Amino acid sequence: MQDRAARIRTGLTPPAPRPGTDTRISVDLAHLRRLEAQARRISFLPRQPARSVLNGRHASRLRGRGLNFEELRDYLPSDDVRTIDWKVTARTGKPHVRVYTEERDRPALIVVDQRMSMFFGSVLNMKSVTAAECAALAAFRIADQGDRVGGIVFGDADIAEIRPARSRSSLMAFLTSLAAANGLLHAETPPVTPMPMNRVLQSVARIAPRNHLILVFSDFDEVDATTEKLVAGLARKNDLVLGLVSDPFADDMPSGLKVVVSDGELQAEIDTGDRAAHRRLDEMAKGRLAQVLDWQRRFGIPVLPVSSAEDSLRQMRRLMGLAGQAR
């Protein structure tokens, strides 16, 4: 019997929307589709503005489209000597060159965390909403650039896998699964064992073995040494970008407070006055942030620090160095 937490679907069916749902708490497909026009204000092409976090000190961290081998042919005086195939040249006694053409597109895989750890927000949005909006913006923009788009959406119990394709139906399947997973998050959800991040990253490696643009929007809850190995492996063969979703309450957790959190219907109380509880929560949040930023330093992985306290499009534009440009 397959473990429920390991169940994989090609798409998730959205639950019926609850009347009057606040889009800061939960988003539906209609809300995500309304982001399409705004998505043109960002870019995931290799040429990035100087202030973009996707731009290294000397060149873009996005490698762009790869090359497809086209043919072997005789060397011509106008050819670049770097394209000479020396093995074929030695075997035939005549200089030959390898001809390549640029790939027509680059597949993109957008990975979105919709586990219960993401169902928290203290200022503007739930982290789950911010992740969903940023993922939708990225999906629309990448599709508009002509690249194939797919995704993995995961909650505590299910994974939806949509393989990259250059079609409107694939894009809508991804957004539908995203809205469905987001709609399942509410305060009365019974506790379950969270979906392991490592299992998700293993699925990413299977779908995107090389030459993909991979965007991961998550709070990276429950990561370990295996997670680090998986992240490093993905970064070696792909353009990996980590969207680290956080909330200011967790980033700088005050002590001595009794905070009530709610999804608009049910509520719970967190007592940060308990020194042991405050210390554990603070260490967990700061330790996770430090670990992901360490991956950036050691593996050269761009990290987009995304906050649930700020408008999704505004901060995406700022992180990509577009804040001062005309819209």
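Quantities reported herein were computed from a predicted structural model and do not represent experimental measurements. (Residues numbered from 1 in each chain as written. Predicted model: local features only at pLDDT ≥ 70, side-chain atom pairs only at ≥ 80, totals over all residues. Heavy atoms only, no water.)

Novice: How would you explain the nonpolar core if you had to name every residue and give the values?
Specialist: Core analysis: the biggest nonpolar cluster contains 47 residues, and F44, I110, F174, L215 and F217 have the highest contact counts within it. Among the elements that take part in this core, helix α3 (residues 127-144) stands out by supplying 11 residues, more than any other. Sequence-distant contacts of I110, defined by excluding residues within four places in its chain, comprise A135, A138, A139, I142, V149, G150, G151, I152, F174, L215 and F217. The next biggest cluster of nonpolar side chains, apart from the first, holds 27 residues, and it includes M197, V223, V231 and I301. (Core = buried A, V, L, I, M, F, W, Y, C linked by side-chain atoms within 4.5 Å. Buried < 20%, exposed > 50% of the residue type's maximum accessible area, 1.4 Å probe, protein only. Helix = DSSP H or I, 4+ residues; strand = E, 2+ residues; numbered from the N terminus. Contact = heavy atoms within 4.5 Å.)

Novice: Hey, could you go over the packing of helix α5 (residues 197-207) against helix α6 (residues 225-237) for me, with residue numbers and the actual values?
Specialist: Across the interface, α5 lies against α6 with an axial gap of 10 Å and an inter-helix angle of 20°. Relative to α6, α5 is oriented roughly parallel. The chirality of how α5 crosses α6 is left-handed. Each of M197, N198, L201, Q202, V204 and A205 in α5 lies in contact with α6, whose residues at this interface are T226, T227, L230, V231 and L234. Residue composition of the contact of α5 with α6, grouped by class: 7 nonpolar, 4 polar and no charged. (Axes fitted to C-alpha atoms, helices over the stretch in contact; angles between N-to-C directions. Parallel < 35°, antiparallel > 145°, perpendicular 65-115°, else oblique. Left-handed = near helix turned anticlockwise from the far one by under 90°. Nonpolar A, V, L, I, M, F, W, Y, C, P; charged D, E, K, R; others polar.)

Novice: Can you lay out the packing of α3 against helix α4 (residues 168-183) for me, pointing to particular residues and giving the numbers?
Specialist: The packing of two helices is summarised by the inter-axis angle and the distance between the axes. Between α3 and α4, the least distance of the axes is 11 Å, while the angle of their chain directions is 180°. In terms of axis orientation, α3 runs roughly antiparallel to α4. Residues S128, V129, A132, A135, A136, A139, F140 and A143 of α3 lie in contact with α4, whose contacting residues are R168, L171, M172, F174, L175, L178 and N182. Here the residues of the contact of α3 with α4 sort into 12 nonpolar, 2 polar and 1 charged.

Novice: Just give me the short version of the pairing of strand β4 (residues 108-113), but keep the residues and values in it.
Specialist: Across the 6 residues of β4, 6 count as buried, placing the element largely inside the fold. Of the strand pairs in this sheet, β4 and strand β5 (residues 149-154) are connected by 6 bridges, and their pairing is parallel. Of the residues in β5, the one forming a bridge with I110 is G151. Running through α3, the crossover from β4 to the neighbouring parallel element β5 is right-handed. In the sheet, β4 pairs with strand β7 (residues 213-218) via 5 bridges, with the strands oriented parallel. Each residue of the ladder has a partner; that of L109, found in β7, is I214. (Pairing = 2+ DSSP bridges. Right-handed = clockwise from strand over helix to strand, strands pointing away.)

Novice: So what's going on with helix α9 (residues 312-319)? Which residues, and what values?
Specialist: The buried fraction of α9 is high, at 6 of 8 residues. At its buried positions, α9 is contacted by α3, β7 and β11 (303-307). Near the N-terminus of α9, the side chain that reaches the backbone nitrogen of L313, with its oxygen 3.3 Å away, is that of D311. (Polar contact = N/O pair within 3.5 Å; in protein donor to acceptor, adjacent residues only side chain to side chain.)

Novice: Now, about the packing of aromatic side chains: what can you tell me, with residues and values included?
Specialist: Taken as a whole and judged by the stated rule, the model has 1 aromatic pair. With a centroid separation of 6.1 Å and an interplanar angle of 80°, the aromatic rings of F220 and W295 are classed as edge-to-face. Of this pair, F220 sits in the loop between β7 and α6 while W295 sits in helix α8 (residues 275-299), and the two are 75 residues apart along the sequence. For W295, a relative accessible area of 0% gives the class buried. (Phe/Tyr/Trp six-rings, centres within 6.5 Å; stacked < 30°, edge-to-face > 60°.)

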